[in-house]
Amino acid sequence: MKIEVELSPVIGVNGIVELAREIDSPYVSRLGISDVAMFFDSYLIQALCTQATEHVAVGSLVTNPYTRHESVIASAVNTLAEISGGRAFLGIGVGAGLGALGIKQIGTAKHLDTTLGRVVRLLRGDSIEFHSSSTEVRAVELKPKPSFEIPVVIGTRSRLVCEVAGRWADAVVVGTRDLSYEGLSRYRQWIGKGLRTSGRDMSDIEISPRVTICASEDTELARRSVVLYAAHYLALSEGYQQLLDDNQFARLKELVSQTQGWYFESDVVYPKELENIVTDEIIDQYAIAGTPDYCVDRIRELRDKGFDGVSMNIAAVRRDHRSLQDGLVECIHHLRSMFSEVYHM
């Protein structure tokens, strides 16, 4: 299986670069840096990561067509490819954290489709021109023209964006929060529709589920480290009935609403009562957490469901009186021991 690893910019920039160095391996195809509004800039971190690595392709997971103009995206990715000797990819979707900026994302799939078409043409060395109510662009092209082929990776949970991915992408990271067979199969159907409209088939695209993963020799600690993550996404789900009764679900939503901070941040605070409500079954529905051997077995299940890759979103092992960086290093240390086995599945 192809392996992609994603890091979120929730620690210092130098710390992220050190993690990138730890992740770098002939078995890992891509290293993605989350592009989240108001956090450290993803593209600057990507550039630093290319200088600290030798094997992985580096890109955003994912950038967006709202805060970044198509010309800016194309120029940034072209620069990244140049400084890395071609170890770059364009990771794009509809964006994260944009609501806090007051950005109204209307017609997201159509907007992404239009933007991506322009970016792809620029990265192929073509010139583009387009007109809108506020913009008139006439025959612009990248200078110098791109020297490398740059793969397009689309990350999404949306049906319509999956169809866009089928038309444009070399790879799709499906950001499902539901690792069931039914949940994952939906995405393959949606992507397939886009492939057919562009005259392609499943052999033309790599599809990887995005899984939040926490690996440690301490199973209980690894699973406790993703309790808030699992609770957050169960609270957004309409299919909770098989996991909790109505009263438990109402209480879980209430507790999640009391959380202060993002579940991946170092200073996030959540009611400890959640640890009594979130069962192992819930954690397994939304994450992979446990020993390296257990994590390998769960990834093998994904392969058996028909996926040819896996995108690992790293969750820190959270120990009292230890930094978030330490927790990320611990998780990555155990993942490194898995990379060869996963790659050769």
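Presented here is a report on the structure given in the accompanying data block. This one's a predicted model, so the numbers in the text were calculated from it and none came from an experiment. (Residues numbered from 1 in each chain as written. Predicted model: local features only at pLDDT ≥ 70, side-chain atom pairs only at ≥ 80, totals over all residues. Heavy atoms only, no water.)

1. Let's talk about the environment of E341
Right, on to step 1. Position of E341 relative to the elements: it lies in helix α13 (residues 324-343).
Right, on to step 2. Separated by 254 residues in the primary sequence, E341 and R87 have C-alpha atoms spaced 23 Å apart.
Right, on to step 3. Setting aside its immediate chain neighbours within four residues, E341 contacts V296 and R300. (Helix = DSSP H or I, 4+ residues; strand = E, 2+ residues; numbered from the N terminus. Contact = heavy atoms within 4.5 Å.)

2. Thoughts on the packing of aromatic side chains
Right, on to step 1. Applying the stated criterion across every chain, the model contains 11 aromatic pairs.
Right, on to step 2. With centroids separated by 4.8 Å and ring planes inclined at 75°, the aromatic side chains of Y263 and F264 adopt a geometry described as edge-to-face.
Right, on to step 3. You can call Y263 buried: its relative accessible area is 11%.
Right, on to step 4. Residue class for F264 comes out buried when judged on its relative accessible area of 8%. (Phe/Tyr/Trp six-rings, centres within 6.5 Å; stacked < 30°, edge-to-face > 60°. Buried < 20%, exposed > 50% of the residue type's maximum accessible area, 1.4 Å probe, protein only.)

3. Some words on the packing of helix α4 (residues 108-123) against helix α5 (residues 159-168)
Between two packed helices, the angle of one axis relative to the other and the distance separating the axes together describe the packing.
Right, on to step 1. The contact between α4 and α5 brings their axes to 9 Å, and the two run at 20°. When the interaxial angle is binned, α4 and α5 end up roughly parallel. Judged by the twist between their axes, the crossing of α4 over α5 is right-handed. Residue-level contacts link A109, L112, D113, L116, G117 and V120 of α4 to L160, V161, V164, R167 and W168 of α5.
Right, on to step 2. Here the contact of α4 with α5 is built from residues that sort into 8 nonpolar, 1 polar and 2 charged. (Axes fitted to C-alpha atoms, helices over the stretch in contact; angles between N-to-C directions. Parallel < 35°, antiparallel > 145°, perpendicular 65-115°, else oblique. Left-handed = near helix turned anticlockwise from the far one by under 90°. Nonpolar A, V, L, I, M, F, W, Y, C, P; charged D, E, K, R; others polar.)

4. Observations concerning the pairing of strand β1 (residues 2-7)
Right, on to step 1. Summarising burial for β1: 5 of the 6 residues are buried, a large majority.
Right, on to step 2. Of the strand pairs in this sheet, β1 and strand β11 (residues 309-314) are connected by 5 bridges, and their pairing is parallel. Pairing of I3 across the sheet is with V310, part of β11.
Right, on to step 3. Pairing of β1 with strand β2 (residues 30-33) involves 4 bridges; the strand directions are parallel. Within β2, the position partnered with V5 by the bridge is L31.
Right, on to step 4. Viewed along the sheet, the connection from β1 through helix α1 (residues 13-23) into β2 turns out right-handed. (Pairing = 2+ DSSP bridges. Right-handed = clockwise from strand over helix to strand, strands pointing away.)

5. Observations regarding the nonpolar core
Right, on to step 1. In this structure, L90, L252 and I314 are the most contacted members of the largest nonpolar core, which totals 111 residues.
Right, on to step 2. Of all hydrophobic cores here, the second largest spans 7 residues; its members include A57, L61, V62 and F89. (Core = buried A, V, L, I, M, F, W, Y, C linked by side-chain atoms within 4.5 Å.)

6. A closer look at the pattern of salt bridges
Right, on to step 1. Scanning all chains against the criterion turns up 25 salt bridges.
Right, on to step 2. One salt bridge connects R68 with D35, and the closest N-O pair in it is separated by 2.9 Å. Taken together, the residues span a long stretch of sequence, with R68 in the loop between β3 (57-60) and α3 (70-84) and D35 in the loop between β2 and α2 (42-52) at a distance of 33 residues. Each of the two residues, R68 as well as D35, counts as buried.
Right, on to step 3. Close ionic contact of R138 with E136 constitutes a salt bridge, the shortest N to O distance being 2.5 Å.
Right, on to step 4. Bridged by salt links that share partners, the residues R223, D280, D284, R298 and E301 form one connected network. (Salt bridge = Lys/Arg side-chain N within 4 Å of Asp/Glu carboxyl O.)

7. Details of unusual backbone geometry
Right, on to step 1. Look at the link from L61 to V62: it is a cis peptide, with omega at -10°.
Right, on to step 2. Within the secondary structure, V62 sits in the loop between β3 and α3.
Right, on to step 3. Cis geometry is adopted by the peptide bond preceding P144, which originates at K143 and carries an omega value of -10°.
Right, on to step 4. Within the secondary structure, P144 is located in the loop between β6 (136-140) and β7 (152-156).
Right, on to step 5. The backbone of A139 shows a phi angle near 45°, a positive value even though the residue is not glycine.
Right, on to step 6. A relative accessible area of 52% means that A139 is categorised as exposed.
Right, on to step 7. Located in the positive-phi region is H321, a residue other than glycine, with phi close to 65°.
Right, on to step 8. Here H321 shows up in the loop between β11 and α13.

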